[in-house]
Amino acid sequence: MRIVVLGPGALGCLLAAFLAEAGEEVLLMDHRPERAKIIASQGLMVEDRSGQRVVRPLVSRFPKEAAGADLVLVCVKAYHTAEAITPYLPHLGPRTRIMTFQNGVGNVEILSELCGAERVWGGITAQGATVLGPGHIRHGGRGDTLFGAVLPEGQEERLAAVAELFTKAGLPATVKDEVQSIIWSKLIINVGINPLTALTRLRNGQLLDLPDTGEIMDRAVAEAVSVAEAQGIRLVYPDPIARTREVARATAENIASMLQDVRAQRQTEIDQINGAVSCLGRKLGIPTPVNDTLTGLVRTIQAAYGSTV
């Protein structure tokens, strides 16, 4: 299968490495010329507890080279979704499927508007990865991958084939029927883990070592669950609080993406994660004081980049 991975961040590099190792034709896209050159030269370096290995997928920064793709995995930051996918649209065929593996809400809707809902899939994964350098990542935890189509009717066979492909590549995958259920199930986990790591500078697993961060995590997740339930969204996991804690343990050594962003003084996805819960809570009349506070604190950190003591 010809697979294009859009975005060479932690998850994009991880997916590209695993799928390329499994023998798939993988093209990793990077819009930054210098970084693309480094990755093309050195390959992807993946570290885990067993050591380090190098995987060499194809690398390009030219959208036209994505022509003929069967599957495009969108792994860019949520606030870059539209500008990232737009240059590729003239080069993607009608049978190309575009699957978001991004954080937050709204990505499926943006891709559906630009690409057509019949071509869009939503995905989540509990695989954890941390960027150590250009094309150099640490695989910090394993977990299941879930995905499904916005309009699944008639796509069951293709969905099953991609799930089997991921599973054979070492990324156990399951197909689900309701995309919003998938997206919100990931959102709720991110709500509990990401902002707390950004604020405390702790790794995922360390959040559970301290009673205060564990309690704040549980309260943030509970608020997000209330917002999801008010929209009639059925979550994948029967106990979202327990599931969030399980993911934090399974990815204990991982440095969450929001903490990686804060360390690098980049824009975070707080508005697409906790901020989205707060915004929808206000519209639905559901109080979300913990998510409001976490959003405000992370926004403050961003606003103060370069001016703190």
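Parameters and conventions
- Residues numbered from 1 in each chain as written.
- Predicted model: local features only at pLDDT ≥ 70, side-chain atom pairs only at ≥ 80, totals over all residues.
- Heavy atoms only, no water.
- Helix = DSSP H or I, 4+ residues; strand = E, 2+ residues; numbered from the N terminus.
- Buried < 20%, exposed > 50% of the residue type's maximum accessible area, 1.4 Å probe, protein only.
- Contact = heavy atoms within 4.5 Å.
- Lys, Arg positive; Asp, Glu negative; His and termini not counted.
- Charge placed at Lys NZ, Arg CZ, Asp CG, Glu CD.
- Pairing = 2+ DSSP bridges.
- Axes fitted to C-alpha atoms, helices over the stretch in contact; angles between N-to-C directions.
- Phe/Tyr/Trp six-rings, centres within 6.5 Å; stacked < 30°, edge-to-face > 60°.
- Lys NZ or Arg CZ within 6 Å of the ring centre and 35° of its normal.
- Parallel < 35°, antiparallel > 145°, perpendicular 65-115°, else oblique.
- Left-handed = near helix turned anticlockwise from the far one by under 90°.
- Nonpolar A, V, L, I, M, F, W, Y, C, P; charged D, E, K, R; others polar.
- Core = buried A, V, L, I, M, F, W, Y, C linked by side-chain atoms within 4.5 Å.

Can you walk me through the overall build of the protein in this structure?
Along the protein, the regular secondary structure elements total 11 helices and 12 strands. Dimensions along the principal axes, computed over C-alpha positions, put the protein at roughly 50 × 45 × 35 Å. Put simply, the protein has 309 residues, and 54% of those count as buried. At a minimum sequence separation of 6, the contacts of the protein that also span at least 24 residues come to 71%. Here the protein contributes 31 positively and 33 negatively charged side chains, and the mean placements of these two sets differ by 6 Å.

Could you clarify how one ought to interpret the sheet that holds strand β9 (residues 128–133) in this entry?
Paired through backbone hydrogen bonds, the strands of a sheet run either parallel or antiparallel to each other. The mixed open sheet is built from four strands, whose spatial order is β4-β3-β10-β9. Edge positions in the open sheet fall to β4 (51–55) and β9, since each of these has one partner strand only. Shown here is a sheet whose adjacent strand axes are inclined to one another by a mean of 25°, direction ignored. Relative to β4, strand β3 (residues 44–48) runs antiparallel, the two being bridged by five bridges. Considered in β4, the bridge of D48 is made with G51.

When you look at the packing of aromatic side chains in this model, what are you seeing that I'm missing?
The description of an aromatic ring pair uses the distance of the two centres, along with the angle that the planes make with each other. Considering all chains together, one arrives at three aromatic pairs under this definition. Measuring from ring centre to ring centre gives 6.1 Å for F101 and F166, while their planes differ by 20°; the resulting arrangement is stacked. A residue pair is termed long-range when its members are at least 10 positions apart, and F101 in the loop between β7 (97–100) and α4 (107–115) and F166 in helix α5 (residues 156–168) qualify at 65 residues. By the burial criterion, F101 is buried, and F166 matches it. Its end group placed over the ring of F18, R53 keeps NZ or CZ at 5.3 Å from the ring centre.

Explanation requested: the packing of helix α7 (residues 211–230) against helix α10 (residues 274–284) in the structure shown.
What describes two packed helices is the angle between their axes and the distance between those same axes. Close contact between α7 and α10 brings their axes to 10 Å; oriented N to C, the two are set at 50°. Relative to α10, α7 is oriented oblique. In this structure, the crossing between α7 and α10 has a hand that is left-handed. Contact residues: α7 offers A224, V227 and A230, while α10 offers V277, L280, G281 and L284. Residue classes in the contact of α7 with α10 are distributed as six nonpolar, one polar and no charged.

Would you mind showing me how to read the sheet that holds strand β6 (residues 71–74) here?
Ordered by their spatial adjacency, eight strands build an open sheet running β5-β2-β1-β6-β7-β8-β11-β12, and the pairing between neighbours is mixed. The open sheet has two free edges, formed respectively by β5 (58–60) and β12 (173–175), since each of these has just one partner strand. Looking at each pair of strands side by side, their axes are set apart by 25° on average, direction ignored. Bridging between strand β2 (residues 25–29) and β5 involves three bridges; their strand directions are parallel. From the neighbouring strand, L27 faces β5, where its bridge partner is L58. Against the sheet, helix α1 (residues 10–21) contacts β1 (2–6), β2, β6 and β8 (120–125), and its axis sits at roughly 160° relative to β2.

What is the right way to look at the nonpolar core in this model?
Counting 38 residues, the largest nonpolar core has L73 and F166 as its most contacted members. For this core, the secondary-structure elements that each account for two or more residues are β1, α1, β2, α2 (33–42), β3, β6, β11 (145–149) and α5. Tallying contributions element by element places α1 first for this core, with 10 residues. The residues contacting F166, other than those within four sequence positions of it, are L15, L19, L71, L73, M99, F101, T145, L171, P172 and A173.

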